[in-house]
Amino acid sequence: MRALSGLICVAGATSLALMSLAAGCGDETVSATTDDTETGDETGPSTEPPAPELGGPAMGISIVGVEANQGTAIALTDGANYLGPDQRNAYLVRDRDTLVRFQHVIEDPTAWIDRDLTGFLHVYPADGGEEIISQRKLFVTADSDPRNLDTNFYFSLLAKDAKPGAEFWLELRESDKAIDVSGLSEGVSAAPAEPEPFGFETTPLELELVIVPVDYQWPDPPRYPDITAEDLQLFHDLLLQQNPVQTINISIRDEPLVWDERITNLGSLLGPTRALKINDGAAANVYYHALVDVGGSGVNMVAGIANLAGPGMNDSDRRVAATVYYKHHDPGDPEMGEDPQTFAPTNSARTWVHEVGHNQGLSHVYCPGADSAGPDPSYPHADGKIGVYGFGIRDFHMYTPTAAHDYMSYCGNAWVSDWTWNKTYDRIQTLTSWNGGAAEPPGETGQILVGMLFADGSEDWWVYDAAVPAQRSGEQSVEFWDHGQLVATEIADVELLSDAQTVVVTVPLVAVEWSDVDVITRVDHHGARRELELGRVQVARDFARRGN
């Protein structure tokens, strides 16, 4: 395998500058600029009047809640009352860029004086280092709107400062001591009442992925995904922003998956991708993801497909997925002076995030008008909405609780919910722990026979050297015959792929030698029998030797 130089990316390597922010809900767009980052071009004596002297606590206004957002909103206070980690909706990840903001309300709008106020974020490092102070001046005319960062006091906490044990305190002060605010009531100008821990978790969190480019030989001419450095960064950033991680490592396999048959089921790529992962000897916590250019946005309306993998080491070879890699090309109109354009594969990157989610064990999320197969009934937010504010720490988009949908749904304006954030946190924590030797001991391994039964009636069958299924469903069985004699009957493990249509049947080859079998028969739950075409059963180790 090889890694593209400079594209093994580390979360936090890009500064969360918050200089230009765009809302991700509807057509709302904001452009927010912090006053203390602006510099002038003048070299002569300044003609500007001196800055006003900072006043005391802001009057007539109250802080009503402090929020940290690394992708999904997490309340740190309720008013001035501190909320500890056990009172929160989601995990805060250490060493990850974080947006910190607070909302405010005006106590008496009839008495309010429109004016500049200055908000301060005080960060006290856990190691006793120097206090970090960030400030933002804002001309306040009304209550803040959580949908619009231009109306908020917000601050960027960089990954290098987001450490377990770090404490915070926010205050709101008068920007100009000379303004008479004695007629305004005293509000809540600080939160929490005293410095309190952010509550960053101590856990290291990483994702390891290998892209398997597909050399699709069936079309004339053959097609190969044109993955540029910019495209790979797009894939990285979308995955980073919606997963609770510090680091994402992406590499591209040296040798592509060569496929010379027509692809009518995208799931047919999972079998060979699984074979490559096994034969590469990849670690159990590495995800293999095939990218294929089919000349369009999908294969029979399917843009991506994946196994719903479990959390164990024995699920290693099932951490594979496939996504159609599509860049729309507009030839332009020379007569109208329009140049040709090739657009970034943004939809493919979104599909990639969705399919990685399936590999992390996530089912679909229901949303109205875009029914998805096999939705998770325990999803807590109505209609697949994300439930809390979302924020992109790389693209600086804001997503509202009632306009954005969880990325495991099929609805647009997709983002991560706090519920999905927590589920993936648990999975990522488990897989990352294996880097330190904390993995569970592997179960029984051997040869297994795996069949993929597609909705159109076609079937693909593979023999892998992999973990033997620990559970069997009893819905299907496989019979092995040798010269008219029944050698063995194995009850199958039966599951569905992410499309909830493709059935995966797995049985161990414990009681038989593959070379001693001349007939294999699958018996379904109705008792119907179907004989496999042995010539089409692919043996993974032989497939890899053929140059894939």
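In case you missed it, the structure is sitting above this.
Being a predicted model, the structure only gives us computed values, none of them experimental. (Residues numbered from 1 in each chain as written. Predicted model: local features only at pLDDT ≥ 70, side-chain atom pairs only at ≥ 80, totals over all residues. Heavy atoms only, no water.)

Novice: I keep staring at helix H3 (residues 346-359) and nothing clicks. Help me out?
Specialist: Owing to its 3.6 residues per turn, the α-helix aligns residues three or four sequence positions apart on the same side. Here H3 spans 20 Å end to end across 14 residues, near enough to the 20 Å set by a 1.5 Å rise per residue. With respect to burial, H3 is a largely interior element, eleven of its 14 residues being buried. What H3 keeps buried is the set Ser348, Ala349, Thr351, Trp352, Val353, His354, Glu355, Val356, Gly357, His358 and Asn359. Positive phi appears at glycine 361, one or two residues downstream of H3, with a value of about 95 degrees. (Helix = DSSP H or I, 4+ residues; strand = E, 2+ residues; numbered from the N terminus. Expected span 1.5 Å × (residues − 1). Buried < 20%, exposed > 50% of the residue type's maximum accessible area, 1.4 Å probe, protein only.)

Novice: Looking at this structure, I do not really get the pattern of salt bridges. What am I missing?
Specialist: Opposite charge on two side chains makes pairing possible when the charged atoms of those side chains draw close. Across all of its chains, the model carries 19 salt bridges by this definition. Notably, a salt bridge pairs lysine 160 with aspartate 161, separated by 3.2 Å at the nearest N-O pair. With a relative accessible area of 59%, lysine 160 lands in the exposed category. With relative accessibility at 18%, the residue aspartate 161 sits in the buried group. Three or more residues are tied together by salt bridges with common partners; here these are Arg94, Asp95 and Lys163. (Salt bridge = Lys/Arg side-chain N within 4 Å of Asp/Glu carboxyl O.)

Novice: Is there a simple way to think about the sheet that holds strand S24 (residues 445-453) in this case?
Specialist: Within a beta sheet, neighbouring strands are joined by backbone hydrogen bonds and run either parallel or antiparallel to one another. If you trace the five strands from one edge of the open sheet to the other, you get S28-S29-S24-S25-S32, paired in mixed fashion. The open sheet has two edge strands with one neighbour each: strand S28 (493-496) and strand S32 (537-539). When the angles between neighbouring strand axes are averaged without regard to direction, this sheet yields 25 degrees. Strand direction decides the pairing type here: S28 and strand S29 (residues 503-508), joined by four bridges, are antiparallel. When the sheet's bridge partners are listed, glutamate 495 is paired in S29 with valine 504. Relative to the sheet, helix H2 (residues 270-280) contacts S24 and strand S25 (459-467), its axis offset from that of S25 by approximately 20 degrees. (Pairing = 2+ DSSP bridges. Axes fitted to C-alpha atoms, helices over the stretch in contact; angles between N-to-C directions. Contact = heavy atoms within 4.5 Å.)

Novice: Is there a simple way to explain empty space enclosed by the protein in this structure?
Specialist: Gaps between atoms show up when a probe of the same size as a water molecule is rolled over them. Throughout the structure, instances matching the rule amount to two cavities of 30 Å³ or more. Taken as a whole, the largest cavity spans an internal volume of roughly 60 Å³. Forming the walls of the largest cavity are Leu270, Gly271, Arg274, Asn307, Val320, Val450, Met452, Tyr464 and Val504. Of all the secondary-structure elements, those providing two or more residues to the lining of the largest cavity are H2 and S24. Looking at which element gives the most residues to the lining of the largest cavity, the answer is H2, with three residues. Grouping the constituent residues of the lining of the largest cavity by class yields six nonpolar, two polar and one charged. Roughly 40 Å³ of internal volume is contained in the second largest cavity. In terms of lining residues, the second largest cavity is bounded by Glu206, Leu207, Glu208, Asn285, Leu431, Thr432 and Asn435. A total of three residues in the lining of the second largest cavity trace back to one element, the largest contributor, which is strand S12 (residues 206-216). (1 Å grid on protein atoms, 1.4 Å probe; cavity = no way out; pocket = protein on both sides within 12 Å on 5 of 7 lines; lining within 4 Å. Points joined across faces, edges and corners; volume = space filled by probe spheres on them. Nonpolar A, V, L, I, M, F, W, Y, C, P; charged D, E, K, R; others polar.)

Novice: Sorry, what's going on with the state of the cysteines here?
Specialist: The term disulfide refers to a covalent linkage connecting the sulfur atoms of a pair of cysteines. Scanning the model with the defined rule gives one disulfide in all. Between cysteine 367 and cysteine 411 runs a disulfide, and the two sulfur atoms are separated by 2.0 Å. Looking down the S-S bond of the cysteine 367 and cysteine 411 bridge, the torsion is 105 degrees, so its handedness is right-handed. Of this pair, cysteine 367 sits in the loop between H3 and strand S20 (390-391) while cysteine 411 sits in the loop between strand S22 (405-406) and strand S23 (414-415); the two residues are 44 residues apart in sequence, bridging distant segments of the chain. Taking the relative accessible area as the measure of exposure, cysteine 411 reaches 14% and is therefore buried. (Disulfide = S-S within 2.5 Å.)

Novice: Got a minute to help me understand the sheet that holds strand S30 (residues 519-523) in this structure?
Specialist: Read from one edge of the open sheet, four strands run S27-S26-S30-S31, paired in antiparallel fashion. Single-partner strands in this sheet number two, and they are strand S27 (485-491) and strand S31 (529-531). Recorded for the sheet is a direction-independent mean angle of 25 degrees between the axes of neighbouring strands. Looking at chain direction, S30 and S31 are connected through three bridges and run antiparallel. Each residue of the ladder has a partner; that of arginine 522, found in S31, is arginine 530.

Novice: Teacher, can you tell me more about the environment of valine 210 here?
Specialist: Within the secondary structure, valine 210 is located in strand S12. Placed 41 residues apart in sequence, valine 210 and serine 251 show a C-alpha to C-alpha distance of 4.9 Å.

Novice: Which parts of the structure should I look at to understand the layout of surface pockets?
Specialist: In this structure, the largest pocket spans a volume of roughly 1200 Å³. Lining the largest pocket we find 49 residues, and of these Ala303, Asn347, Arg350, Thr351 and His354 sit closest to its centre. The set of elements that each furnish at least two residues to the lining of the largest pocket consists of helix H1 (229-241), strand S16 (304-306), H3, strand S21 (397-399) and S23. By residue number, the principal contributor to the lining of the largest pocket is H3, which donates nine residues. In terms of residue class, the lining of the largest pocket is made up of 20 nonpolar, 22 polar and seven charged. Taken together, 26 residues make up the lining of the second largest pocket; nearest its centre are Glu261, Glu459, Asp460, Arg536 and Gln538. The set of elements that each furnish at least two residues to the lining of the second largest pocket consists of strand S14 (257-259), S25, S31 and S32. The biggest single contributor to the lining of the second largest pocket is S25, with four residues. Class assignment for the residues of the lining of the second largest pocket results in nine nonpolar, seven polar and ten charged.

Novice: Can you walk me through the environment of proline 57 in this structure?
Specialist: Position of proline 57 among the secondary structure elements: in the loop between strand S1 (22-23) and strand S2 (61-69). Measuring from C-alpha to C-alpha, the distance between proline 57 and serine 175 comes to 9.5 Å, with 118 residues separating the pair along the chain. Residues in contact with proline 57, not counting those within four places in the same chain, are Leu172, Arg173, Glu174 and Ser189.

Novice: Would you take a moment to explain the packing of aromatic side chains for this structure?
Specialist: The way to describe two aromatic rings as a pair is by their centre distance and the angle between their planes. One pass over the structure, following the stated rule, counts twelve aromatic pairs. Centroid distance tryptophan 462 to tyrosine 464: 5.9 Å. Interplanar angle 5 degrees. Geometry classified as stacked. Pair check on accessibility: tryptophan 462 and tyrosine 464 agree, each one buried. Taken together, Tyr82, Phe168, Phe198 and Phe200 form an aromatic cluster joined through their ring pairs. Above the ring of tyrosine 389, the side-chain terminus of arginine 101 is found at 5.1 Å from the ring centroid. In this arrangement the basic side chain of arginine 115 is found over the ring face of tryptophan 112, its NZ or CZ atom lying 4.2 Å from the centre. (Phe/Tyr/Trp six-rings, centres within 6.5 Å; stacked < 30°, edge-to-face > 60°. Lys NZ or Arg CZ within 6 Å of the ring centre and 35° of its normal.)

Novice: Sorry if this is basic, but what is going on with the packing of H1 against H3 here?
Specialist: Each pair of packed helices can be described by the angle between their axes along with the distance between the axes. The interhelical angle for the contact between H1 and H3, taken along N-to-C directions, is 45 degrees, at an axis separation of 9 Å. In terms of axis orientation, H1 runs oblique to H3. At the point where H1 passes H3, the crossing takes the right-handed sense. Where H1 abuts H3, its residues Leu234, Phe235, Leu238 and Leu239 lie against Thr346, Ser348, Ala349, Arg350, Trp352, Val353 and Val356. For the contact of H1 with H3, the class distribution of residues is eight nonpolar, two polar and one charged. (Parallel < 35°, antiparallel > 145°, perpendicular 65-115°, else oblique. Left-handed = near helix turned anticlockwise from the far one by under 90°.)

The values reported here are purely geometric and, on their own, carry no functional implication.
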